[in-house]
Amino acid sequence: MFQLGWFSAKLFFRGKLLREPMYFIQRTAIGIGAGLLSLLSLAQAEIPLCIPITISSLITGCLMPFLLKDFKMK
């Protein structure tokens, strides 16, 4: 399992893992932005910080499969 992860990381940093790297970066940035926006907006409320972190993580985690559904690897 560790070898598979290490091999994938080496291919990623060489630029040979992703078929369209800009598509991946763009979609990941959209997901991160949505999570950050939800975290910052929820953190303004007078509630413990663990609640906004949990909710924004849930939003980001639910959003990423939809953003990366057309993701292709080499």
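Rules and cut-offs
- Residues numbered from 1 in each chain as written.
- Predicted model: local features only at pLDDT ≥ 70, side-chain atom pairs only at ≥ 80, totals over all residues.
- Heavy atoms only, no water.
- Helix = DSSP H or I, 4+ residues; strand = E, 2+ residues; numbered from the N terminus.
- Buried < 20%, exposed > 50% of the residue type's maximum accessible area, 1.4 Å probe, protein only.
- Contact = heavy atoms within 4.5 Å.
- Expected span 1.5 Å × (residues − 1).
- Axes fitted to C-alpha atoms, helices over the stretch in contact; angles between N-to-C directions.
- Parallel < 35°, antiparallel > 145°, perpendicular 65-115°, else oblique.
- Left-handed = near helix turned anticlockwise from the far one by under 90°.
- Nonpolar A, V, L, I, M, F, W, Y, C, P; charged D, E, K, R; others polar.

Peer 1: Looking at this structure, I do not really get the environment of Lys72. What am I missing?
Peer 2: Assignment of secondary structure puts Lys72 in the segment after helix 3 (50-67). Note on Lys72: relative accessible area 44%, which makes it partly exposed. It is 26 Å that separates the C-alpha atoms of Lys72 and Leu36, two residues lying 36 residues apart in sequence. Look past the residues within four positions of Lys72 in its chain and what remains in contact with it is Leu18, Arg19 and Glu20.

Peer 1: For this particular structure, what's the right way to read helix 1 (residues 2-14)?
Peer 2: Three or four residues apart is the spacing at which side chains of an α-helix point the same way, because the helix has 3.6 residues per turn. Here helix 1 is 13 residues long and its end C-alpha atoms lie 18 Å apart, about the 18 Å a rise of 1.5 Å per residue gives. Gly15, located one to two residues past helix 1, shows a positive phi value of around 85°.

Peer 1: What should I look at first to understand the environment of Gly35 in this one?
Peer 2: The residue Gly35 is located in helix 2 (residues 21-43) in this model. Judged by its relative accessible area of 8%, Gly35 is buried. For the pair Gly35 and Ile59, spaced 24 residues apart in the sequence, the C-alpha separation amounts to 6.6 Å. Those residues within four positions of Gly35 in sequence are excluded, and the remaining contacts are Ser56 and Thr60.

Peer 1: Help me understand helix 2 in this model?
Peer 2: For helix 2, built from 23 residues, the straight-helix expectation of 33 Å at 1.5 Å per residue is met to within 8% by its first-to-last C-alpha distance of 32 Å. Here helix 2 has its buried residues at Tyr23, Thr28, Gly31, Gly35 and Ser38. In this structure, the buried side of helix 2 is in contact with helix 3.

Peer 1: Could you clarify how one ought to interpret the packing of helix 2 against helix 3 in this entry?
Peer 2: The axes of two packed helices give the description: the angle between them and the distance between them. Taken N-terminus to C-terminus, the directions of helix 2 and helix 3 make an angle of 155°; their axes are 9 Å apart at the nearest point. With respect to each other, helix 2 and helix 3 are oriented roughly antiparallel. The way helix 2 lies across helix 3 gives a crossing that is right-handed. Together, Tyr23, Arg27, Thr28, Ile30, Gly31, Ala34, Gly35, Ser38, Leu39, Leu42 and Ala43 of helix 2 and Pro52, Ile53, Ile55, Ser56, Ile59, Thr60, Leu63, Met64 and Leu67 of helix 3 make up the contact between the two elements. Here the residues of the contact of helix 2 with helix 3 are counted per class, giving 13 nonpolar, six polar and one charged.

Remember that the coordinates give geometry; whether it matters functionally is a separate question.
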